[in-house]
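Next come the chains, spelled out residue by residue.
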Amino acid sequence: MYFGVAYYPEHWAMDMIDEDIKGMKEMGVNIVRIGEFAWHLMEKEEGQFNFSFFDMVINKLKSSGISVMFGTPTATFPAWLAKKHPSILSKDENMQTRVFGGRRQYCYNSHIYREYSKRIVTQLVEHYKDQEAIISWQVDNEFGHEGSDMCYCEECQSKFQSYLRDRYEDIDKLNEVYGTIFWGQTYNDFEEIPAPLKTITTHNPSLQLDWARFRSYSLNDYAKEQVELVKKLKGQHQRVTTNVCGGFLNNFFDHEENVKGLDFVSYDNYPVWGGLREPIPRAEIAMTHDFVRGLLNRNYWIVEELMGAQGHSVIGYLPRPNQAKMWSYQAFAHGCTNMLYFRWRGMTRGAEQFCFGIIDHDNRYGRKYREVQEVIKEITPYADVLNSEIKSDIAVLYDYDNIWSWNFQPQSVGYDFTNELMRLYTPFYNLNTNMDVIPIDRDFSKYKILLIPTLQLIDKDLGIRIKLFVENGGIVVFSFRAGIKDKNNNINFKETIPCNIREISGIEIYDVESLQPGQEVEIIGVGEYEKKEGKCGVWRDIITPVSATELYRYNDKFFGDRACITVNQYGRGKVYYIGGGVDIAIIEDIAREIALDNNIPYIESEEGLEVYMRHHDNQEYLILTNHTSEDKRFKNIAIGPYGSKIIKKDE
Ligand code: GAL
């Protein structure tokens with residue numbers, strides 16, 4: 001296994017490198033990631049390439065037996081390039097240029113930036129293709145992060161028009177699909193079509209969805225060009241990755257497409273960030289790992305694992321003793337196989353003075369250093385277990401077109417796709433089941449259970465795929481707004497919702513209501529759930545069961561005879577429909593019923609204690625992570641505050 005750190009030797013006096021390497025070695029490091037923001041150091045003036053600084057660093061690492069992951073430096077370009085070609089700078093939706101000074105502010109469609117990127121990456125990879133110490137390339141750094149997936153510059157605008165010309169060929173076809181007859185927006189020519197810059201009210205929903213697809217295409221086309229270039233030039237022993245950042249469900253690019261062609265996926269795991277008073281919920285951290293593993297359907301690396309508090313101008317929650325160590329264990333549980341921490345030492349100058357590393361600014365090796373040292377020592381013996389494949393019976397499905405469609409029209413102020421995904425994921429997470437989080441166009445026939453949050457875009461083909469799955473005995477859980485629209489982001493006509501899944505769900509949507517923050521309606525259980533009650537917020541579909549059985553109905557003067565949650569037997573399978581933003585506790589009862597009925601392995605554990613199941617060599621292992629500041633127990637094993645442990649199941 002590889003364990004390492006993100007290291008920026010260029011930030012420190014040259015005479016510190018030896019001391020740093022010694023400290024890393026003693027901590028257990030066998031890999032270091034370098035280079036990803038150092039374009040200027042490699043090309044101080046245009047065309048003057050010089051890699052001598054990194055030659056020196058790599059030789060020192062190599063002679064200490066440490067391998068290297070080298071980042072191509074295109075996430076931050078030199079000032080001279082921005083001065084010479086200001087057109088490479090991206091623009092926001094007010095057409096305001098993002099000036100030189102931050103990072104990632106290049107435009108993916110800039111043909112000039114593409115040329116300069118190709119040139120530096122070619123020089124770099126050719127220079128190091130035979131370097132044995134470099135075992136992997138990281139392409140760029142966190143594609144799309146910090147809003148860098150959006151650009152409205154002139155070059156993007158005109159490429160958007162060409163993109164639409166290729167997609168629709170005939171302008172009348174586009175007019176028909178978009179329904180531009182509305183508000184008299186009919187176009188005579190593709191060149192009349194705007195990018196969705198600031199306007200009064202809102203842009204056409206089909207145009208907005210195409211814009212999102214175009215953004216995805218732009219970023220992924222740039223990424224693909226870079227990945228292919230590195231693959232063409234690199235040494236045979238070198239592999240290629242890129243680091244996926246968090247917040248991916250809010251990004252405007254298709255991540256599956258982004259990682260196609262990589263040897264492995266890497267992830268930057270930050271459970272806390274500036275301004276957060278507590279970490280993101282443990283279930284959500286878990287989901288991010290399952291999502292990253294799902295991208296290539298394979299275990300993955302973490303190349304930035306947080307150790308200290310983080311923030312650019314505002315700092316967030318301070319991980320408590322052992323808490324960041326516990327997050328490492330949780331990552332290994334979910335399929336991380338190699339881990340690099342961010343960063344070796346916090347920097348005294350520059351924008352990330354408050355992104356604390358393993359070592360703080362006083363340069364003393366303290367608690368965080370010891371925690372990393374322990375992780376390396378404790379995890380290494382489990383390499384085979386952690387490298388084993390994770391098999392799940394449950395898949396959570398997502399579709400970026402659907403996410404973007406919601407993004408432009410959330411329909412309720414309280415709507416957030418990630419929250420709605422978590423509403424279905426969390427109850428199964430609380431039961432410690434293994435789940436995959438995968439794109440909906442994958443073959444999902446091998447799973448027993450599909451969780452499909454708020455899928456408003458369902459076309460006929462997808463409807464058929466899901467129907468087959470259910471007929472063959474699969475269980476599907478939908479949540480509200482399923483099947484209201486087609487793939488052009490238009491509402492279906494002369495059809496009762498939920499379209500294309502109406503028959504299998506056995507329901508009709510009678511009416512709908514958008515519920516605003518703080519507004520909740522009461523729901524009460526029926527039949528097996530009688531006497532149970534709870535709340536529903538964000539949204540409610542008011543359901544008429546046709547062949548389905550009611551599980552919960554609204555406790556409401558006007559809609560008290562209508563359902564909120566239903567289940568329908570169809571073929572050999574079942575379809576659950578959760579008509580609104582209902583309490584997680586209510587869904588957890590249903591999740592338990594589903595797990596029991598379908599022989600899904602699950603484990604009851606104390607609140608806040610995650611128990612993740614892994615199998616290797618006919619032996620079942622459990623990875624326990626205590627996400628609370630309290631003592632917890634699992635069977636006869638005590639786990640202290642933020643403790644973590646790997647045990648054999650029958651121990
Ligand atoms: C990551 C990024 C790093 C650094 C870090 C700070 O998103 O890749 O370069 O900025 O955050 O926490």
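As a starting point, this report considers the structure included with it.

Conventions adopted
- Residues numbered from 1 in each chain as written.
- Predicted model: local features only at pLDDT ≥ 70, side-chain atom pairs only at ≥ 80, totals over all residues.
- Heavy atoms only, no water.
- Near = heavy atom within 4 Å.
- Areas by Shrake-Rupley, 256 points an atom, 1.4 Å probe, with all protein chains shown as cover.
- Buried < 20%, exposed > 50% of the residue type's maximum accessible area, 1.4 Å probe, protein only.
- Helix = DSSP H or I, 4+ residues; strand = E, 2+ residues; numbered from the N terminus.
- Arc of directions from axis to C-beta.
- Polar contact = N/O pair within 3.5 Å; in protein donor to acceptor, adjacent residues only side chain to side chain.
- Core = buried A, V, L, I, M, F, W, Y, C linked by side-chain atoms within 4.5 Å.
- Contact = heavy atoms within 4.5 Å.

Overview of the site of the ligand
Argument step 1. Close to the ligand lie 13 residues, the nearest being R103, E142, E304, Q310 and E352.
Argument step 2. Look at the ligand: alone it shows 310 Å² of surface, and the protein chains cover 97% of it.

Describing helix 7 (residues 171–178)
Argument step 1. Buried within helix 7 are the following residues: I171, L174, N175, V177 and Y178. Across the axial projection of helix 7, the buried residues extend over an arc of 165°, all falling on one side. Summarising the geometry of helix 7, the exposed residues directed more than 90 degrees from the buried face are D172 and E176.
Argument step 2. Near the N-terminus of helix 7, the side chain that reaches the backbone nitrogen of D172, with its oxygen 3.0 Å away, is that of D170.
Argument step 3. Count one or two residues on from helix 7 and you reach G179, which has phi positive near 70°.

Points about the nonpolar core
Argument step 1. If you look at the biggest cluster of nonpolar residues, it comprises 171 residues, and the most contacted ones within it are F70, F291 and Y425.
Argument step 2. Here this core gets 12 residues from one element, more than from any other, and that element is helix 8 (residues 205–233).
Argument step 3. Those residues in contact with Y425 that sit more than four places away from it in its chain are A283, A286, M287, D290, H334, V396, M435, V437 and L451.
Argument step 4. Core analysis: the second largest hydrophobic core is formed by 27 residues, A395, F444, L462 and F469 among them.

A short note on unusual backbone geometry
Argument step 1. In this structure, the amide linkage connecting F342 to the following residue, R343, adopts the cis form with an omega of -25°.
Argument step 2. Within the secondary structure, R343 sits in the loop between strand 11 (336–342) and helix 12 (367–379).
Argument step 3. Even without glycine at this site, W183 takes up a positive phi of about 55°.
Argument step 4. Relative to the assigned elements, W183 resides in the loop between helix 7 and helix 8.
Argument step 5. Phi at N363 takes a positive value of approximately 65°, unusual for a residue other than glycine.
Argument step 6. Along the chain, N363 turns up in the loop between strand 11 and helix 12.

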